[in-house]
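Each chain, letter by letter, is given below.
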Amino acid sequence: RPLFDATLLGLGPDGHTASLFPGAAALEEHERWTAVVAGLQAETRITLTYPALASSRRTACLVEGAEKRAILTRLRTVPDAGLPAARLNSGGARWIFADQAAAEGLA
């Protein structure tokens, strides 16, 4: 550990990251490094789980668009936001890169 030198993620408008969606059983996987996510989106997905994502020296999250402003604000200002992205604990450095539309009003 760590498994990855760098991990690049996004942030969904519902607070998901990777394919860790609110309500997904994969949110509670603490042993395996991957999980199947089915029934929450039109397509079945495979995602890295929190243990795999936590095994990164550096994690960056890209956030783009005004439709993500509210969720980015919540992620940055509510300590326990209840969002899948908020539960991500990397062992290394974490950065959030947001465009002007998403970050407007954030300090």
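Since the structure is predicted, the reported quantities are computational estimates derived from the model, not experimental observations.

So, how was this worked out
- Numbering of residues starts from 1 in every chain and runs along the sequence as written.
- Where local features are concerned, this predicted model is filtered to residues with pLDDT of at least 70; where side-chain atom pairs are given and counted, the filter is 80 or more; whole-chain, interface and lining totals use all residues.
- As a rule here, side-chain values cover all heavy atoms of the structure and leave hydrogens and water aside.
- We count a stretch as a helix when DSSP gives it H or I for four or more residues in a row; a strand needs E for two or more, and each element gets its number in order from the N terminus.
- Burial here depends on accessible area, computed with a 1.4 Å probe over protein chains only, as a share of the maximum for the residue type. Under 20% is buried, over 50% is exposed, and the range in between is partly exposed.
- Here a polar contact means two N or O atoms within 3.5 Å. Within protein one must be a hydrogen donor candidate and the other an acceptor candidate, and residues neighboring in sequence count only if both atoms are side-chain atoms.
- Pairing between two strands is assigned when DSSP locates at least 2 bridges connecting them.
- For every element, the axis is a line fit to its C-alpha atoms; helices are fit only across the contacting stretch, and the angle between N-to-C directions ranges from 0 to 180 degrees.
- Residue contacts follow a heavy-atom distance rule, with two residues in contact if any of their heavy atoms lie within 4.5 Å.
- Put simply, a salt bridge is a Lys or Arg side-chain nitrogen that is within 4 Å of an Asp or Glu carboxyl oxygen.
- Definitions used throughout: a 1 Å grid over protein atoms alone; a cavity as a set of points that fits a 1.4 Å probe which cannot get out; a pocket as an open set with protein on both sides within 12 Å along at least five of seven lines; a lining residue as one with an atom within 4 Å of a point.
- Grid points are joined across faces, edges and corners, and a volume is the space filled by probe spheres set on the points.
- By the convention adopted, Pro, Cys, Tyr, Trp, Phe, Met, Ile, Leu, Val and Ala count as nonpolar, Lys, Arg, Asp and Glu as charged, and the other residues, Gly among them, as polar.

**Focus on the environment of E43**
Okay, so step 1: Within the element layout of this structure, E43 appears in the loop between β2 (34-37) and β3 (45-48).
Okay, so step 2: Overall, E43 belongs to the partly exposed group, its relative accessible area being 38%.
Okay, so step 3: At 2.8 Å, the side chain of E43 forms a polar contact with the side chain of R45.

**Brief notes about the sheet that holds strand β5 (residues 93-98)**
Okay, so step 1: Strand order in the open sheet formed by three strands is β1-β4-β5, with parallel pairing between adjacent strands. Of all the strands in the sheet, the pair left with one neighbour each is β1 (4-10) and β5. Strand-to-strand twist of the sheet, defined as the mean angle between neighbouring strand axes without regard to direction, takes the value 15°.
Okay, so step 2: As paired strands, β1 and strand β4 (residues 56-63) are joined by six bridges and run parallel to one another. Across the sheet, G10 pairs through a bridge with L62, a residue of β4.

**A look at the pairing of β5**
Okay, so step 1: Alignment of β4 against β5, held across six bridges, turns out to be parallel. Note that in β5 the partner of C61 across the bridge is I96.

**Description of the side chain of T7**
Okay, so step 1: Note that T7 resides in strand β1.
Okay, so step 2: The exposure class assigned to T7 is buried, which follows from its relative accessible area of 12%.
Okay, so step 3: Setting aside residues up to four positions removed in sequence, T7 forms contacts with L53, S56, R58, T59 and A60.

**Structural notes on the pattern of salt bridges**
Okay, so step 1: With the rule as written, the count across this model stands at four salt bridges.
Okay, so step 2: The closest approach of N and O atoms between D5 and R57, which form a salt bridge, is 2.5 Å. With D5 in strand β1 and R57 in strand β4, this pair connects stretches of sequence that are 52 residues apart.
Okay, so step 3: E104 is the partner of R69 in a salt bridge, and the nearest nitrogen-oxygen pair spans 3.9 Å. Here R69, found in helix α2 (residues 69-77), pairs with E104, found in the segment after α3 (100-103); they are 35 residues apart in sequence, far enough to count as distant.
Okay, so step 4: You can call R69 partly exposed: its relative accessible area is 28%.

**Examining the layout of surface pockets**
Okay, so step 1: Taken as a whole, the largest pocket spans an internal volume of roughly 200 Å³.
Okay, so step 2: The set of elements that each furnish at least two residues to the lining of the largest pocket consists of β1, β4 and β5.
Okay, so step 3: Here the residues of the lining of the largest pocket sort into 11 nonpolar, three polar and one charged.

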